[in-house]
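Structural description and commentary
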Amino acid sequence: MNSISSPTQARSKKALERFLNVAAELLADNRFEDTGISQIAQLAESSVGTFYRLLGDKDVLLYAVHERFVEQGRSAIDALVADLSHSDLPVAKQIEGFIQGMIDLFAGHEGLLRALVRRSSADLQFRQRFHQLNAYIGQTFCRIVLTRQSEFGHPQPQQAADLSAHMLLASMNYLTMVGTLGETPREVIPGELSTLICNYLEVAKH
């Protein structure tokens, strides 16, 4: 499975965008699996023939929705990092802001991510796509915190930042799939995770 080719005609581009929007809504409502192609075409105000011409099958549609989400996610992360890099916030607050940005990014996309997890167990390309955004998030997180590594007491700051990134991603994925992190109220999760990470990095107290 490869990325779908972008249509050249404006009419086809609009039809593809409608198919992607409908699929995203169905995924958000956990109805994608039970909705047939003819119904998807109807909801997209298009035809089954156009669906097959542009996409071919539902797996390609799911892949295309996630590809769009990854692209939008990268742009959102880049904008978030730009804001944080121009702030004078202490490292703990920068980490907290980054985590809040991740929570906001994944909010409303739980159905999409659950569908991808199911596909990933049997399909290598879905698994690779599922990990792509996670890798970008982890690399970006490391880049942010390592600009302040002089404030860390941990003897291996790069290793510690990498492990922190993976632990953060595991927490974000669990929060997305389950909706909670145990008994911790959702609104305090960014601050609490930031505290955990800063304690592990041994960030100097000011």
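Residues numbered from 1 in each chain as written. Predicted model: local features only at pLDDT ≥ 70, side-chain atom pairs only at ≥ 80, totals over all residues. Heavy atoms only, no water.

- The chain is annotated in an unreviewed UniProt entry as TetR/AcrR family transcriptional regulator of Pseudomonas leptonychotis.

**Side note on the overall build of the chain**
- Scanning the chain from N- to C-terminus turns up nine helices and zero strands.
- When the helices and strands of the chain are placed in sequence order, the string is α-α-α-α-α-α-α-α-α.
- Along the longest, intermediate and shortest principal axes, the C-alpha atoms of the chain span 65 × 35 × 30 Å.
- Counting across all 206 residues of the chain, residues that qualify as buried make up 45%.
- Working note: accessible area of the chain is about 11,000 Å², and carbon and sulfur atoms make up 51% of it.
- In the chain, which carries 19 positive and 23 negative side-chain charges, the distance between the mean positions of the two groups comes to 7 Å. (Helix = DSSP H or I, 4+ residues; strand = E, 2+ residues; numbered from the N terminus. Buried < 20%, exposed > 50% of the residue type's maximum accessible area, 1.4 Å probe, protein only. Areas by Shrake-Rupley, 256 points an atom, 1.4 Å probe, with all protein chains shown as cover. Lys, Arg positive; Asp, Glu negative; His and termini not counted. Charge placed at Lys NZ, Arg CZ, Asp CG, Glu CD.)

**Brief notes about the environment of Asp29**
- One can find Asp29 in the loop between α1 (10-28) and α2 (37-43).
- When its relative accessible area of 47% is taken as the criterion, Asp29 is described as partly exposed.
- For the pair Asp29 and Ala170, spaced 141 residues apart in sequence, the C-alpha separation works out to 23 Å.

**Some points on the domain arrangement of the chain**
- If you check the domain split of the chain, you get domain 1 (7-56) and domain 2 (58-201).
- Using C-alpha coordinates to define each centre, domain 1 is positioned 29 Å away from domain 2.
- Contacts between domain 1 and domain 2 engage 16 residues on the former and 14 residues on the latter.
- Summed over both partners, the interface of domain 1 with domain 2 buries about 1,300 Å², with 62% contributed by carbon and sulfur atoms.
- At the junction of domain 1 with domain 2, the criterion picks out one salt bridge.
- Taken together, the elements giving at least two residues each to the side of domain 1 that touches domain 2 come down to α1 and α2.
- Considering every element that reaches the side of domain 1 that touches domain 2, the biggest residue donor is α1, with eight residues.
- Per-class residue counts for the side of domain 1 that touches domain 2 are 11 nonpolar, three polar and two charged. (Domains from an automatic or database assignment. Contact = heavy atoms within 4.5 Å. Buried area = accessible area lost by both parts, 1.4 Å probe. Salt bridge = Lys/Arg side-chain N within 4 Å of Asp/Glu carboxyl O. Nonpolar A, V, L, I, M, F, W, Y, C, P; charged D, E, K, R; others polar.)

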